[in-house]
Amino acid sequence: MENFPLINLEKLNGEERGATMEKIKDACENWGFFELVNHGISHELLDTVERMTKDHYKKSMEERFKEMVAEKELEGVKTEVNNMDWESTFFLRHLPTSNISQIPDLEDEYRNLMKDFAGKLEKLAEELLDLLCENVGLEKGYLKKAFHGSKGPNFGTKVSNYPPCPTPDLIKGLRAHTDAGGIILLFQDDKVSGLQLLKDGEWIDVPPMRHSIVINLGDQIEVITNGRYKSVMHRVIAQTDGTRMSIASFYNPGNDAVIYPAKALLVEKEQGVYPGFVFDDYMKLYAGMKFQAKEPRFEAMKAAAEAI
């Protein structure tokens with residue numbers, strides 16, 4: 001099997017820039033995922049985020065998760081569970097407005113830490129969007145502008161823990177899906193694995209690596225690049241041992257941003273392969289179709305546009 005794409009961002013500053021950009025391009029075209037090292041976020045900050053996230057889960061979330069499992073009688077399931085996931089989560093919104101001060105049970109130190117972490121991830125996301133622009137032949141800033149809408153992008157973080165599961169063959173940590181939005185930056189557990197992506201009909205493990213940030217592309221990048229870059233199905237397999245931490249930050253278009261294939265990337269025969277739409281309309285559709293293939297969503301958006 002080919003190696004999972006590993007990108008050393010520091011190499012963009014030297015003579016290996018060309019080769020590194022080529023690796024990013026290949027990852028975007030053929031994987032929809034890549035793993036970043038030397039990304040500019042300090043190891044010390046990442047270690048603190050991991051420690052405090054795991055502490056918060058133990059203090060505030062673990063008991064609640066066990067109660068939910070008991071209430072839904074998930075411990076002894078005998079048939080596959082298709083309507084829920086084996087995960088404990090909460091969401092932080094950063095942009096256009098933050099909700100961090102409203103989330104219950106967070107210590108002030110953890111709130112401030114996650115604000116700081118989000119600021120660094122936002123900057124990294126915007127850097128990456130410009131690298132994608134450069135690689136695909138769009139002007140610098142095109143994707144950031146396309147995501148802007150009237151109030152700027154949506155940016156938020158899903159903080160998840162995947163506790164040990166007695167029946168991982170019958171219940172997924174997270175069912176297979178593509179991400180609806182733009183670019184996703186994941187800081188994941190470096191010891192407990194579980195994240196997999198679908199490539200050439202096979203499920204492939206995304207390797208846990210200390211202090212790395214895993215990047216994947218959402219449906220909106222596929223639309224804007226007119227299919228040059230793809231969003232890819234991925235899932236989380238629950239494990240029988242160990243709790244897996246996952247902190248996924250989603251840099252998405254603003255609600256009223258109008259998304260459509262960049263004209264610079266359209267050639268005659270490709271006109272209309274992907275629809276144009278308002279991002280919030282896509283998200284409303286996605287809410288009911290998340291765990292299905294993305295193509296019917298694109299078709300539904302195209303049909304809605306044609307009906308107007």
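Residues numbered from 1 in each chain as written. Predicted model: local features only at pLDDT ≥ 70, side-chain atom pairs only at ≥ 80, totals over all residues. Heavy atoms only, no water.

Under an unreviewed UniProt entry, the name given to the protein chain is aminocyclopropanecarboxylate oxidase, and the source organism is Lactuca virosa. UniProt, in its Cofactor (unreviewed entry) section for the protein chain, records the words "Fe cation". Quoted straight from UniProt, the Catalytic activity (unreviewed entry) entry for the protein chain says "1-aminocyclopropane-1-carboxylate + L-ascorbate + O2 = ethene + L-dehydroascorbate + hydrogen cyanide + CO2 + 2 H2O". (UniProt positions renumbered as here; feature names shortened; annotations may be inferred.)

**Q** Mind showing me how you'd approach the sheet that holds strand β3 (residues 88-95) here?
**A** Within a beta sheet, neighbouring strands are joined by backbone hydrogen bonds and run either parallel or antiparallel to one another. The strand order across the open sheet formed by seven strands is β1-β2-β9-β6-β11-β4-β3, and the pairing between neighbours is mixed. Single-partner strands in this sheet number two, and they are β1 (6-8) and β3. Taken pair by pair, the neighbouring strands of this sheet meet at an average axis angle of 25°, ignoring direction. In terms of strand pairing, strand β4 (residues 154-162) meets strand β11 (residues 244-252) through nine bridges, oriented antiparallel. Bridge assignment links asparagine 161 to a residue of β11, and that residue is methionine 245. Lying on the sheet, helix α1 (residues 17-30) is in contact with β1, β2 (33-37) and β9 (213-217); it crosses β1 at an angle near 150°. (Pairing = 2+ DSSP bridges. Helix = DSSP H or I, 4+ residues; strand = E, 2+ residues; numbered from the N terminus. Axes fitted to C-alpha atoms, helices over the stretch in contact; angles between N-to-C directions. Contact = heavy atoms within 4.5 Å.)

**Q** Is there a simple way to think about α1 in this case?
**A** One turn of the α-helix equals 3.6 residues, which is why residues spaced by three or four share an orientation. Compared with the 20 Å implied by 1.5 Å per residue over 14 residues, the 20 Å span of α1 between its first and last C-alpha is a close match. Taken residue by residue, α1 has Thr20, Met21, Ile24, Ala27 and Cys28 as its buried positions. Taken around the axis of α1, the buried residues stretch over an arc of 120°, which confines them to a single face. Residues Gly18 and Ala19 are exposed on α1 and point more than 90 degrees away from its buried face. Turning to α1, the residues buried within the fold contact β1, β2, α3 (108-136) and β9. (Expected span 1.5 Å × (residues − 1). Buried < 20%, exposed > 50% of the residue type's maximum accessible area, 1.4 Å probe, protein only. Arc of directions from axis to C-beta.)

**Q** How do you make sense of helix α6 (residues 279-289) when you look at a structure like this?
**A** Of all the positions in α6, only Phe279, Tyr282, Tyr286 and Met289 are classed as buried. The arc enclosing the buried residues of α6, seen along the axis, measures out at 85°, which places them on a common side. Residues of α6 that are exposed and angled more than 90 degrees away from the buried face: Lys284, Ala287 and Gly288.

**Q** Looking at this structure, how should I read the pairing of strand β6 (residues 183-188)?
**A** Two faces make up the sheet, and in a regular strand the side chains alternate between them. Buried residues dominate β6, accounting for six of its six residues. Side chains Ile183, Leu185 and Phe187 of β6 all project onto a buried face; the interleaved residues Ile184, Leu186 and Gln188 project onto the opposite face, where all are buried too. Bridging between β6 and β9 involves four bridges; their strand directions are antiparallel. By the bridge assignment for β9, leucine 185 is matched with isoleucine 215.

**Q** Sorry if this is basic, but what is going on with the sheet that holds strand β10 (residues 234-236) here?
**A** A sheet is described by the order of its strands in space; here four strands give the open sequence β5-β10-β7-β8, paired in antiparallel fashion. Strands at the two margins of the open sheet, each flanked by one partner only, are β5 (174-177) and β8 (202-205). Within this sheet the neighbouring strands show an average axis-to-axis angle of 25°, counted without direction. As paired strands, strand β7 (residues 195-199) and β10 are joined by three bridges and run antiparallel to one another. Looking across to β10, one finds that leucine 195 is bridged to valine 236.

**Q** What am I meant to see in the pattern of salt bridges here?
**A** When charged atoms on two side chains of opposite charge get close, those side chains can pair. Tallied over the entire structure, the rule returns 21 salt bridges. In this structure, a network of salt bridges that share partners links the residues Asp47, Asp190, Lys191 and Arg210. (Salt bridge = Lys/Arg side-chain N within 4 Å of Asp/Glu carboxyl O.)

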